[in-house]
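Summary of the model geometry
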Amino acid sequence: DAGVIQSPRHEVTEMGQEVTLRCKPISGHDYLFWYRQTMMRGLELLIYFNNNVPIDDSGMPEDRFSAKMPNASFSTLKIQPSEPRDSAVYFCASSQLWGTSGEGNEQFFGPGTRLTVL
Amino acid sequence: SQKIEQNSEALNIQEGKTATLTCNYTNYSPAYLQWYRQDPGRGPVFLLLIRENEKEKRKERLKVTFDTTLKQSLFHITASQPADSATYLCALETGGFKTIFGAGTRLFVKA
């Protein structure tokens, strides 16, 4: 398996523009997580899905952020309109119950999308 | 408020020594705790999970302890190598599959 795939790897946009980040989880994983990482706040959970259904979106900073998972192999995180304070690295991670090693909730992270909003 | 604390300063050690990283938490009763490694420009990579009823777990040169009374986990790397240099994150389960990450500790191993 290629692991978790994210695109784009880098995104530079201007304030006010719409940004869409994409994620393909590992096949067979039934949990998908979106995180944001900054120097100031570390790695923050934004939202997570189970079997394509959003379970907890309490970490989504505000209504400008939305996430969807239309099927088991694809998810998007959208920011509209974007602001400079949204600049961060956004990670997608996937997991399955009891994990591949039987440990439970071992999360596999993608390479991240580095977003810069000017 | 709920909080996870890791050594905020970087840890510098000599090759061959044991590195010990600390993770303290308040106001949680996690069913398990995880440790991840993160290299610059990459996503975190899972290392170990320890459950609330386990006091210690080992994997090769790694050892994790979990004291639910002290609300603390210690992460040890024995016989450290320069290749172990990275940021190490602890992560707590806070209900369901929700996980909260600490800020991480940067480890530098000098040859």
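Data block above holds the structure.
Notes on the structure follow. (Residues numbered from 1 in each chain as written. Chains lettered and ligands numbered in written order. Predicted model: local features only at pLDDT ≥ 70, side-chain atom pairs only at ≥ 80, totals over all residues. Heavy atoms only, no water.)

With that settled, the discussion passes to the side chain of Asn50(A). All names here are of chain A. For Asn50, the location among the structural elements is in strand 5 (residues 42-50). In this structure the side chain of Asn50 is engaged in a polar contact, spanning 3.1 Å, whose partner is the backbone oxygen of Asp30. With residues near it in sequence (within four places) discarded, Asn50 still touches Asp30, Tyr31 and Ile55. (Helix = DSSP H or I, 4+ residues; strand = E, 2+ residues; numbered from the N terminus. Polar contact = N/O pair within 3.5 Å; in protein donor to acceptor, adjacent residues only side chain to side chain. Contact = heavy atoms within 4.5 Å.)

Our focus in this paragraph is the sheet that holds strand 3 (residues 19-24) of chain A. Residue and element names in this part refer to chain A. The 4 strands are arranged 1-3-8-7 in an open sheet whose pairing can be described as antiparallel. The open sheet is flanked by strand 1 (5-7) and strand 7 (65-71), the only strands paired with a single partner. Adjacent strand axes in the sheet meet at a mean angle of 15 degrees when their direction is disregarded. Pairing of strand 7 with strand 8 (residues 74-79) involves 5 bridges; the strand directions are antiparallel. Counterpart to Phe65 in the pairing with strand 8 is Ile79. (Pairing = 2+ DSSP bridges. Axes fitted to C-alpha atoms, helices over the stretch in contact; angles between N-to-C directions.)

All names here are of chain B. Taken together, 5 strands build an open sheet; the order of strands is 1-3-8-7-6 and the sheet is antiparallel. The sheet is open, and its two borders are formed by strand 1 (3-6) and strand 6 (56-59), each paired with just one other strand. Sheet twist, expressed as the mean angle between neighbouring strand axes with direction ignored, is 15 degrees. As paired strands, strand 6 and strand 7 (residues 62-67) are joined by 4 bridges and run antiparallel to one another. Bridged to Glu56 within strand 7 is Thr65.

A general feature of soluble globular proteins is that nonpolar side chains tend to end up buried together. Ile4(B), Leu33(B), Trp35(B), Phe75(B), Ile77(B), Tyr88(B) and Leu107(B) are the most contacted members of the largest nonpolar core, which totals 23 residues. Elements with a contribution of two residues or more to this core: strand 3 (19-26), strand 4 (32-38), strand 5 (45-51), strand 7, strand 8 (72-77), strand 9 (86-93) and strand 11 (105-110) of chain B. If we skip the residues at most four places from it in the chain, Leu107(B) touches Leu11(B), Ile13(B), Ala19(B), Ile77(B), Asp84(B), Ser85(B), Ala86(B) and Tyr88(B). Ranked by size, the runner-up nonpolar core spans 21 residues in total, among them Cys23(A), Ile47(A), Ile79(A) and Leu115(A). (Core = buried A, V, L, I, M, F, W, Y, C linked by side-chain atoms within 4.5 Å. Buried < 20%, exposed > 50% of the residue type's maximum accessible area, 1.4 Å probe, protein only.)

That is the geometry; function is a separate question.
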